[in-house]
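# Breakdown of the fold
Given next are the chains, with one letter for each unit.
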There are 2 protein chains.
Amino acid sequence: MKATVHVTLKNGVLDPQGKAIEHTLSGLGFKGIGDVRQGKFIELDIAEKDKTKAREQVDAMCRQLLANTVIENYTIEIIE
Amino acid sequence: MKATVHVTLKNGVLDPQGKAIEHTLSGLGFKGIGDVRQGKFIELDIAEKDKTKAREQVDAMCRQLLANTVIENYTIEIIE
């Protein structure tokens, strides 16, 4: 089973990477760029066959390792 | 208009971040973890109102700044 996780900074948390992208895009001549936010995207192959259990397992991974829940949100998608 | 971009390493390109996650998850006691790949997830607000033009603009951003097309793939989604 395949799982994808999106880890994004919570609203209000400063995103220096996003700001750097925003400024560089303006510098490259792109017009009308508003807010840019950068997050992480993680793809995992897991052996678990049960969708609910797979989601619980990935949720535990997010809380323990993949996301810093003080400043980051995460969303999990279980595929197939 | 909002755009999201996923930047992922091409197949066959070594992903040290993904490998680090894989090993750490095993170390934390998670079983049955296969391949782990980490990519970037970028959200942009753009002023462009036309969906086709917005996609072209974001595609140009990806080629010029957001992705290293030698080793990375990117997918673009235009929302609303």
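In case you missed it, the structure is sitting above this.
Scoring rules and cut-offs
- Residues numbered from 1 in each chain as written.
- Chains lettered and ligands numbered in written order.
- Predicted model: local features only at pLDDT ≥ 70, side-chain atom pairs only at ≥ 80, totals over all residues.
- Heavy atoms only, no water.
- Helix = DSSP H or I, 4+ residues; strand = E, 2+ residues; numbered from the N terminus.
- Rg over C-alpha atoms; globule rule 2.2 N^0.38 Å.
- Buried < 20%, exposed > 50% of the residue type's maximum accessible area, 1.4 Å probe, protein only.
- Contact = heavy atoms within 4.5 Å.
- Areas by Shrake-Rupley, 256 points an atom, 1.4 Å probe, with all protein chains shown as cover.
- Lys, Arg positive; Asp, Glu negative; His and termini not counted.
- Charge placed at Lys NZ, Arg CZ, Asp CG, Glu CD.
- Pairing = 2+ DSSP bridges.
- Axes fitted to C-alpha atoms, helices over the stretch in contact; angles between N-to-C directions.
- Least-squares fit on C-alpha atoms with pLDDT ≥ 70 in both.
- Buried area = accessible area lost by both parts, 1.4 Å probe.
- Salt bridge = Lys/Arg side-chain N within 4 Å of Asp/Glu carboxyl O.
- Polar contact = N/O pair within 3.5 Å; in protein donor to acceptor, adjacent residues only side chain to side chain.

### Focus: the overall build of chain A
Tallying secondary structure elements over chain A gives two helices and three strands in all. From first element to last, N terminus to C terminus, chain A shows the α and β order β-α-β-α-β. Relative to a compact globule of 80 residues, whose C-alpha radius of gyration would be 12 Å, chain A shows 16 Å and is clearly more extended. Expressed along its principal axes, the backbone C-alpha trace of chain A runs to roughly 50 × 25 × 15 Å. Across the 80 residues that make up chain A, the buried fraction comes to 42%. Considering only intrachain contacts with a sequence separation of at least 6, the fraction spanning at least 24 residues in chain A is 67%. For chain A, the computed accessible surface area is about 4,400 Å², with 51% contributed by carbon and sulfur atoms. Of note, chain A has its 11 positive side-chain charges centred 3 Å away from the centre of its 12 negative side-chain charges.

### A closer look at the sheet that holds strand 3 (residues 72-79) of chain A
Strands sit in the order 3(A)-1(A)-2(A)-2(B)-1(B)-3(B) across an open sheet of six strands; the sheet is antiparallel. Edge positions in the sheet fall to strand 3 of chain A together with strand 3 (72-79) of chain B, since each has one partner strand and no second. Taken over all neighbouring pairs, the strand axes of this sheet differ in orientation by 20 degrees on average, direction set aside. In the packing of helix 2 (residues 51-66) of chain A onto the sheet, contacts are made with strand 1 (2-9), strand 2 (33-46) and strand 3 of chain A together with strand 2 (33-46) of chain B, and the angle to strand 3 of chain A comes to roughly 155 degrees. Taken strand by strand, helix 2 (residues 51-66) of chain B contacts strand 2 of chain A together with strand 1 (2-9), strand 2 and strand 3 of chain B, and its axis lies near 150 degrees from that of strand 3 of chain B.

### Some points on the relation of the copies chain A and chain B
When chain A is brought onto chain B, the operation consists of a screw motion whose angular component is 180 degrees and whose axial shift is 0.0 Å, with 0.0 Å RMSD remaining. The relationship between the two copies is best expressed as a two-fold rotation axis. The rotation axis passes nearest to the C-alpha of K40(A) in chain A, at a distance of 2.4 Å. Here 100% of the interface residues in chain A have copies in chain B that are interface residues too; the copies meet face to matching face.

### Comments concerning the environment of V13(A)
Residue and element names in this part refer to chain A. Topologically, V13 is positioned in the loop between strand 1 and helix 1 (16-27). Once the C-alpha coordinates of V13 and T75 are considered, the two residues, 62 residues apart in sequence, prove to be 17 Å apart. What V13 contacts, discounting residues up to four positions off in sequence, is R37 and I71.

### Some remarks on the interface of chain A and chain B
Listed per partner, the contact involves 30 residues of chain A and 30 residues of chain B. Summed over both sides, the interface of chain A with chain B buries roughly 2,600 Å², with 65% coming from carbon and sulfur. The largest contributions to the chain A side of the interface with chain B come from F30(A), F41(A) and L65(A), which together make up 20% of the buried area. For the interface between chain A and chain B, the tally reads zero salt bridges. Run the count over chain A and chain B and you get 13 residue pairs in polar contact (both at pLDDT 80 or more). Here the side of chain A that touches chain B gets 14 residues from one element, more than from any other, and that element is strand 2 of chain A.

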